[in-house]
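Observations on chain architecture
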4 protein chains.
Amino acid sequence: MAALPERGADALAVLRRQHIELPSWAFGNSGTRFKVFAQPGVPRDPWEKVADSAEVHRLTGVAPTVALHIPWDRVDDYAALAAHARDLGIGVGTINANVFQDDDYRLGSVTNPDPGVRRKAIDHLLECVDVMDATGSRDLKLWFADGTNYPGQDDLRARQDRLAEALSEVYDRLGPDQRLLLEYKLFEPAFYATDVPDWGTAYAHCLELGEKAVVCVDTGHHAAHTNIEFIVAFLLRAGKLGAFDFNSRFYADDDLMVGAADPFQLFRIMYEVVRGGGLAADTGVAFMLDQCHNIEPKIAGQIRSVMNVQEATAKALLVDADALAAAQREGDVLAANAALMDAYNTDVRPLLADLRRDQGLDPDPMAAHARSGYAERVAEERRGGAQAGWGA
Amino acid sequence: MAALPERGADALAVLRRQHIELPSWAFGNSGTRFKVFAQPGVPRDPWEKVADSAEVHRLTGVAPTVALHIPWDRVDDYAALAAHARDLGIGVGTINANVFQDDDYRLGSVTNPDPGVRRKAIDHLLECVDVMDATGSRDLKLWFADGTNYPGQDDLRARQDRLAEALSEVYDRLGPDQRLLLEYKLFEPAFYATDVPDWGTAYAHCLELGEKAVVCVDTGHHAAHTNIEFIVAFLLRAGKLGAFDFNSRFYADDDLMVGAADPFQLFRIMYEVVRGGGLAADTGVAFMLDQCHNIEPKIAGQIRSVMNVQEATAKALLVDADALAAAQREGDVLAANAALMDAYNTDVRPLLADLRRDQGLDPDPMAAHARSGYAERVAEERRGGAQAGWGA
Amino acid sequence: MAALPERGADALAVLRRQHIELPSWAFGNSGTRFKVFAQPGVPRDPWEKVADSAEVHRLTGVAPTVALHIPWDRVDDYAALAAHARDLGIGVGTINANVFQDDDYRLGSVTNPDPGVRRKAIDHLLECVDVMDATGSRDLKLWFADGTNYPGQDDLRARQDRLAEALSEVYDRLGPDQRLLLEYKLFEPAFYATDVPDWGTAYAHCLELGEKAVVCVDTGHHAAHTNIEFIVAFLLRAGKLGAFDFNSRFYADDDLMVGAADPFQLFRIMYEVVRGGGLAADTGVAFMLDQCHNIEPKIAGQIRSVMNVQEATAKALLVDADALAAAQREGDVLAANAALMDAYNTDVRPLLADLRRDQGLDPDPMAAHARSGYAERVAEERRGGAQAGWGA
Amino acid sequence: MAALPERGADALAVLRRQHIELPSWAFGNSGTRFKVFAQPGVPRDPWEKVADSAEVHRLTGVAPTVALHIPWDRVDDYAALAAHARDLGIGVGTINANVFQDDDYRLGSVTNPDPGVRRKAIDHLLECVDVMDATGSRDLKLWFADGTNYPGQDDLRARQDRLAEALSEVYDRLGPDQRLLLEYKLFEPAFYATDVPDWGTAYAHCLELGEKAVVCVDTGHHAAHTNIEFIVAFLLRAGKLGAFDFNSRFYADDDLMVGAADPFQLFRIMYEVVRGGGLAADTGVAFMLDQCHNIEPKIAGQIRSVMNVQEATAKALLVDADALAAAQREGDVLAANAALMDAYNTDVRPLLADLRRDQGLDPDPMAAHARSGYAERVAEERRGGAQAGWGA
């Protein structure tokens, strides 16, 4: 059985190469249907979003890429945007397609009963692959707001046919090293039936498409009581877990900071990731944040979120796998549970502070950010112009 | 035991005087945090909203008042707006206060930690009572978006103190025939703790305030699995049911057309209303719609919703109370359930068509609306200007 | 567009051949963990359960088979039990395996960490196929209570491996015309992770096994807010819907009479069945009841349940498919919804009464049962002996 | 701002006097409706249950009382049972009434439509007060399984009348220093409407009864998404929080070990207890466990549960109240959240080990229990006889 110091060393090796991707849209204004509260210093364009993202990486050391959302982050020259990111020490990550903010999409995008609207939506998805080619992105993330609000509104089965057809066309356009991440969501904005409502639906479509299609698990997109770590374990076993969209929620898709609502759940998820090889050096699993900082400052919110993932990962890596396996084998329920809880109850903040010092970082990224004056500086610089936000 | 025809006659008498209040905001554009889809012909100001509301009443005969939302429906001269409504055959109903769409309310309105913001919010509530004086409205409906997104963000108990203080000040301002309706909601836009999250909280505050404070039950504001008709029965028994905000939902606060998601639940609710005297001639219960027609046309959506409430009410009135009571007394589970279901399974559409003919209305309000050309006319007339919507 | 009478005639043709399978265990005592209330006349052995089941078929005409549960319904001579059923006018249907009521299964059956327990469980499943051979049953229904109560208790992924291995061995034992129905359930009796918790898991295992493995949808086994009809539509499209276990619930797996809690949901499910061909003459979908009559009389409870399924089916068959398709094609949300609701709001009880008269049955099976004296007779005859129940 | 060592010292003072009450029934066999798995060494009578409870107190030092359940723990001489407890170093705590396990209670106890059944139930409750007089217990805990399974089955409002009448009669029987704890529960065993389903109902009845009636919060008895700590804060503010029944759940009323499913929630609850004065020296709040150890050993399960409560309490006591209040006052969302999380993320196990050493206890009660041989000894001694369990 490995002693704690040894597990700590192994954990550090994995934590050192951890890679958490930030979402460009987390830096823009966001809110609920009731109100979007504007914040000072919010970026006005993709270039400023990339800069904020780079600041988070500078302080945490584990957030080296930023995901883009098209058309929110549409620019004339994507190669230039990628170069801008590189200059700031990060890279462009996943490309997120957006086919839900045009008036044409009122009744759906790729599953719309109108073939013209479907064509438009598919064309946008294909355009996103062009962007990937320009930025060198590996992953195309597809989340469809498609669904219906009322029973009878549209034919559930026909919408699956249309979905399969659209996915197939996009899949065929992918380059040899590109992947399609299919995301599912229980509800919102569709309020009766969503066309990709659960992991089973996403998995089934990915199976049919082929090996470049994998599932994206957004931790806020499940029915109450869903055991998310089970899904993670299942998809890893099936070789179909492609990515996480991390956030947390007490109710619906609240998009709170990951780890804020149920840190124990995040730990259990990360434990299954470790158990299933999802943190191996050659992992195909992408770890992304997907959150809305509606009332808290956005850059600080991202830093805290990154740290929360790090802490959950560290705890998961500290689980005494031998002791756990032994207790499981013997059917010792309390000992097996205790083996997991011992790791969870450990305060890993000193370990992570050491890691940061090792990497030449401030051991307390939140304090370092506060001292840096970055927030004040951009609040000053970014006066005027339209702040970016959802839909802008 | 009353024979069906007799119960039908009794039912008709109640249905004839049914009063369903429409929300002015249902005629404006609405949507989710992802997208608000604009619709042709949407009103550009409160006067046009009142006109649309009057059209629904003209066709259904049971929607003689329209509720206003301040500041969305702010006008210089409320008496003139009330006169405009009267000219169109309806009246102004409940005044809804809105203290959630100003940047100052980011951390709450009447429960905000900042006393200055609380003062501003209370002043708005008091202004709403002024509006009531001007329009002759009986009811002030208070829904607070107040709450917190993160554990620790604010002190749960102190927020209750602040809430109680604000309610008390507003209550004291009410005239002798005015009431305060306190609405509760589980979550959204607050994602950790809402300050009035459930009927118990609303009830407790109303008890403390006095007899002019009563609870408003929004049918979409409960945790999953909540038995809403129990709450209705309980509040009626306690004399504290003030009003309904009707809508329906499959998931969260979806604000779909009432009766669309679970018509059986609506029937059970209306049965408890009947059972508890809430449809008596002197009822103090207000029946209001509170919905968002995000993808369907708004006037037609309101007509359908009114009809859905009528149908549920008719079924509730057709329950054979004697047979039901006898089966309940004998502990005959299946017979008691069947007594209720017999009414529910009855097709009441012919009965309601008769009622409408009796009242000189078209028996099919949806078809009458389609034939009327109203929608096409306003779509033509209301070109230009900014359409009204949530927050406008 | 078909006129109502024509649709009514088509509906009658389908309703005439409807086949609803009854569960033998519904006639035994059942209850909650708090209390099992005994009822007079409850069967004392499988032979009496079959007799009660035949009585339900005699009165309803659409329940010609009874499912068995092994070992609850273990007899020495299954061929004799099948002959007994035939003598009473019915047949033996699905065989349900039970690997959850032996002390050895405390930590699971086919997923137990102990290989000896797994062997015992698999052997029981194989024995069930022997029973099928003896009774001529087509379907083996597998529901596993397997899962864990505490995080860490056992390895989620290893349990999937064990599950796959067990399923594979049983699958290989099936005869050419036999099927394996894999049922999923969110939780209970496992309270942390269930090994087959959702349709996705069941579907994935069935895909891997082959075409004789299909999914069984128990309508009470989903997370709150799950759109069951979507799952039905999806599985029918994929050719993997094997069967229903019908019941209803307001909360968890309440096992109330089907249609009692949400008749509109049952209608929507049956509509998707119709839409997807699940009621075609050559359908591979089995329609079974799986309920507990904890407080209501069991035979009458079964009759009511059968009638509830008939009513929902009749309404689903009355949907004007042409009108619905036209409205959907045009994106007319309200008209499409109305096309569905028109059928739902129709009172189909007269139609079903006609059907029964046509078939030489009493138009009111509940009243006929009450008049028959059957319940009183068996209450008299079945004094003494141990009543059957869950676990007996 | 208090430094950590000082807060640690304050925390220790409170932890030293912590009082967690154990439930006698946790030591008996329990299970689900599917199966009760028997365990070796399970008590055969109340005397042995008291002995097991004393063993948990001997090892943890904070569990000095055991709650009884009548009639499960009915003995001829309650004074002798209390003396037996005293001899073993503990006392008899709360008396739990049980009016749900008699065939007469099929349709309810105090809310049954049959007045004879109601009389019987009330008489049992009054008998429980007699037991309290004999044991010197302060609290009578009332949980009613009463409710209905089907809409229409009984009259919701009449059942409230009957409930109020029964409660009033019992309340009047209480001695000057006795209290009535009214517990609520969303569902199970009733599956449509429960007569005391939520805190609002319990609170309203307690208000009407008087100051000796207070609410008992069972942490497993809420709808999904309910913010329990809000209820705790609200009831403490209103002076109506009487007691906790601690356990944890992922789904329904799973009755898992407290803190096992969501340790962060338990911490938030304990924080509100601290904030509201519920751990003050003169607190009127009783802290009880109410769990079922279906698959894990019972004594060890109780020890682990006691430790989980201790750990959550310790963390709650370590919250830097000054820092938290300052951040809340300033509206600094992230700093306020961090103040709470800093305490939660602290590993308090060393602190509690110190506390135990101080009190002459083994710092690791689980290990001490394993070494003690108690489990093996009682497994040997308690052969023969009927094991106690739910319903025995």
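Residues numbered from 1 in each chain as written. Chains lettered and ligands numbered in written order. Predicted model: local features only at pLDDT ≥ 70, side-chain atom pairs only at ≥ 80, totals over all residues. Heavy atoms only, no water.

1. Regarding the overall build of chain A
Note the following rule: Starting at the N terminus, helices and strands are each numbered in turn, a helix being any DSSP run of H or I of at least four residues and a strand any DSSP run of E of at least two. For a compact globule the rule gives 2.2 Å times the number of residues to the power 0.38, and the radius of gyration it is set against comes from C-alpha atoms. Burial classes: relative accessible area under 20% of the type maximum marks a residue as buried, over 50% as exposed, and values in between as partly exposed (1.4 Å probe, protein chains only).
A count of helices and strands for chain A gives 14 helices and 10 strands. A compact globule built from 392 residues should have a C-alpha radius of gyration of about 21 Å, and chain A, at 21 Å, falls within 12% of that. Principal-axis analysis of the C-alpha atoms gives chain A an extent of 65 × 55 × 40 Å. Per-residue burial for chain A yields a buried fraction of 70% across its 392 residues.

2. Quick look at the interface of chain A and chain C
Going by this rule: By definition, residues are in contact when any of their heavy atoms lie within 4.5 Å. Throughout, buried area stands for the accessible area (probe radius 1.4 Å) lost by two parts on being put together, summed over both. For this document, the term salt bridge refers to a Lys or Arg side-chain nitrogen within 4 Å of an Asp or Glu carboxyl oxygen. N or O atoms closer than or at 3.5 Å make up a polar contact, with two conditions inside protein: a donor-capable atom paired with an acceptor-capable one, and, for residues adjacent in sequence, both atoms drawn from side chains. Only Asp, Glu, Lys and Arg are considered charged in this grouping, and only Ala, Val, Leu, Ile, Met, Phe, Trp, Tyr, Cys and Pro are considered nonpolar; every other residue, Gly among them, is considered polar.
At the interface, 51 residues of chain A touch 51 residues of chain C. For the pairing of chain A and chain C, the buried interface totals around 4,300 Å² over both sides, and the portion due to carbon and sulfur atoms is 59%. If you sort the residues of chain A by the area they bury against chain C, Arg157(A), Phe230(A) and Arg237(A) come out on top, with a joint share of 17%. Taken together, the connections running from chain A to chain C amount to four salt bridges. The closest approach of N and O atoms between Arg237(C) and Asp161(A), which form a salt bridge, is 2.6 Å. Viewed at the interface, chain C and chain A are joined by 14 residue pairs in polar contact (both at pLDDT 80 or more). Of the residues in the side of chain A that touches chain C, the class split is 26 nonpolar, 13 polar and 12 charged.

3. Side note on the relation of the copies chain A and chain C
Note the threshold: Alignment of copies: least-squares fit on C-alpha atoms of residues with pLDDT of at least 70 in both copies.
Superposing chain A onto chain C takes a rotation of 180 degrees plus a shift of 0.0 Å along the axis, which leaves an RMSD of 0.0 Å. Look at the turn and shift together and you get a two-fold axis relating the two. Relative to the rotation axis, the C-alpha of Gly200(A) is the closest in chain A, positioned 2.0 Å from it. Most of the interface of chain A is mirrored in chain C, where 100% of its interface residues again form contacts.

4. Examining the environment of Asp262(B)
Residue and element names in this part refer to chain B. Here Asp262 shows up in the loop between strand S9 (241–246) and helix H8 (263–275). Assessed through its relative accessible area of 17%, Asp262 is described here as buried. Taking the C-alpha atoms as reference, Asp262 lies 8.0 Å from Phe250; in sequence the two are 12 residues apart.

5. Quick look at the interface of chain D and chain C
Counting from both sides, the interface comprises 42 residues of chain D and, opposite them, 42 residues of chain C. For the pair chain D and chain C, the two sides together bury roughly 4,000 Å², of which 63% comes from carbon and sulfur. Together, Arg33(D), Phe34(D) and Tyr150(D) form the three largest contributors to the area buried by chain D at its contact with chain C, with a combined 22%. Between the two partners, chain D and chain C, sit eight salt bridges. The closest approach of N and O atoms between Asp255(C) and Arg33(D), which form a salt bridge, is 2.9 Å. Across the chain D-chain C interface, the total number found is 17 residue pairs in polar contact (both at pLDDT 80 or more).

6. A few points about unusual backbone geometry
At the junction of Glu188(A) and Pro189(A), the peptide bond is cis and its omega measures out at 10 degrees in the coordinates. We note that Asp255(A) has phi near 60 degrees; this positive angle belongs to a residue other than glycine. Of note, Glu188(B) is a non-glycine position whose phi angle comes to about 75 degrees, a positive value. With respect to the helices and strands, Glu188(B) occurs in the loop between strand S6 (179–183) and strand S7 (193–194). What makes Glu188(B) buried here is its relative accessible area of 16%.

7. Points about the sheet that holds strand S4 (residues 139–142) of chain B
All names here are of chain B. Applied cut-off: Strand pairing is assigned whenever DSSP identifies at least 2 bridges connecting the two strands. In this analysis, axes come from line fits to C-alpha atoms, helices being fitted only over the stretch in contact, and the angle between any two N-to-C directions falls in the range 0 to 180 degrees.
Read once around its circumference, the closed barrel built from eight strands follows the order S1-S2-S3-S4-S6-S8-S9-S10, with strand pairing classed as parallel. The average undirected angle you get between the axes of adjacent strands in this sheet is 30 degrees. Pairing of S9 with strand S10 (residues 286–289) involves four bridges; the strand directions are parallel. The residue bridging Ala243 from the neighbouring strand is Ala286, located in S10. Set on the sheet, helix H9 (residues 298–318) makes contact with strand S1 (20–23), S9 and S10; between it and S1 the angle comes to about 155 degrees.

8. Looking at the relation of the copies chain D and chain C
Under the fitted operation, chain D is carried onto chain C by 0.0 Å of movement along the axis and a turn of 180 degrees, and the coordinates agree to an RMSD of 0.0 Å. Most of the interface of chain D is mirrored in chain C: 100% of its interface residues are interface residues there too.

9. Re the packing of aromatic side chains
Our working rule: Here a Phe, Tyr or Trp ring, Trp counted by its six-membered ring, pairs with any other such ring whose centre lies within 6.5 Å, and the pair is stacked when the planes are under 30 degrees apart, edge-to-face when over 60, and tilted otherwise.
For the structure shown, the criterion picks out 73 aromatic pairs over all chains. Ring centres of Trp199(C) and Phe234(C) lie 5.1 Å apart, and the angle between their planes is 50 degrees; this geometry places the pair in the tilted category. Within this pair, whereas Trp199(C) is found in helix H6 (residues 199–209), its partner Phe234(C) is found in helix H7 (residues 228–238), the two being separated by 35 residues in sequence. Since its relative accessible area comes to 3%, Trp199(C) is described here as buried. A relative accessible area of 4% places Phe234(C) in the buried class. On the basis of an interplanar angle of 45 degrees and a centroid distance of 5.2 Å, the ring pair of Phe267(D) and Tyr344(D) is categorised as tilted. Of this pair, Phe267(D) sits in helix H8 (residues 263–275) while Tyr344(D) sits in helix H11 (residues 333–344); the two residues are 77 residues apart in sequence, bridging distant segments of the chain. Residue Phe267(D) is classed as buried on the basis of its relative accessible area of 0%.

10. Brief notes about the state of the cysteines
How we decide: The rule for a disulfide is simple: a pair of cysteine sulfur atoms within 2.5 Å.
Tallying each qualifying case throughout the model produces zero disulfides over all chains. Free of any disulfide, Cys206(A) has its nearest neighbouring cysteine sulfur in Cys216(A), separated by 10 Å. Exposure remark for Cys206(A): the relative accessible area of 0% places this residue in the buried category. You can see Cys292(D) has no disulfide; the closest cysteine sulfur is in Cys216(D), sitting 15 Å from it.

11. Things to note about the packing of helix H9 (residues 298–318) of chain A against helix H12 (residues 349–358) of chain A
The geometry of a pair of packed helices is captured by two quantities: the angle between their axes and the separation between those axes. Residues and elements named next belong to chain A. To be explicit about the condition: For classification, angles of less than 35 degrees are called roughly parallel, those exceeding 145 degrees roughly antiparallel, those between 65 and 115 degrees roughly perpendicular, and all remaining angles oblique. Here is the rule for handedness: rotate from the far helix to the near one, and if that takes an anticlockwise turn smaller than a right angle the crossing is left-handed, while a clockwise turn gives right-handed.
It is the contact of H9 with H12, at a shortest axis distance of 10 Å, that shows an interaxial angle of 115 degrees. With respect to each other, H9 and H12 are oriented roughly perpendicular. Note that H9 runs across H12; the crossing there is right-handed. In contact with Met307, Gln310, Glu311 and Ala314 of H9, H12 contributes Arg349, Leu351, Leu352 and Arg356.

12. Here's the deal with the confidence of the model for chain A
Parts of the model with low pLDDT should not have their predicted coordinates read in detail. Rule in force here: Known as pLDDT, the predictor's per-residue confidence is scaled from 0 to 100.
Scored by pLDDT, chain A comes out at a mean of 96, with 98% of its residues at no less than 70. Both scores are available for the predicted complex, with the pTM at 0.98 and the ipTM at 0.97.

13. Re the pairing of strand S2 (residues 65–70) of chain B
Regular strands have side chains that alternate between both faces of the sheet. Residues and elements named next belong to chain B. This is how the line gets drawn: Looking down the strands as they point away from you, a crossover is right-handed if its path from the first strand over the helix to the second goes clockwise.
Most of S2 is tucked away, with six of its six residues classed as buried. Burial of S2 is two-sided: the residues Thr65, Ala67 and His69 facing one way and the residues Val66, Leu68 and Ile70 facing the other way are all buried. Summarising the sheet, S1 and S2 pair through three bridges and their orientation is parallel. Among the inter-strand pairings, Leu22 is bridged to a residue of S2, identified as Val66. For the crossover from S1 across helix H2 (residues 46–60) to S2, the handedness is right-handed. The pairing of S2 with strand S3 (residues 91–97) spans five bridges and is parallel. For Leu68, the partnering residue across the bridge sits in S3 and is Ile95. With helix H3 (residues 78–87) bridging S2 and the parallel S3, this β-α-β connection has right-handed handedness.

14. A short note on the sheet that holds strand S9 (residues 241–246) of chain C
Residues and elements named next belong to chain C. With parallel pairing, the eight strands of this closed barrel are ordered in space as S1-S2-S3-S4-S6-S8-S9-S10. Within the sheet, the average angular offset between the axes of one strand and its neighbour, ignoring direction, is 30 degrees. With four bridges joining them, strand S6 (residues 179–183) and strand S8 (residues 213–218) adopt parallel strand pairing. Note that in S8 the partner of Leu180 across the bridge is Ala213. Against the sheet, helix H8 (residues 263–275) touches S9 and strand S10 (286–289), its axis set at about 160 degrees to S9.

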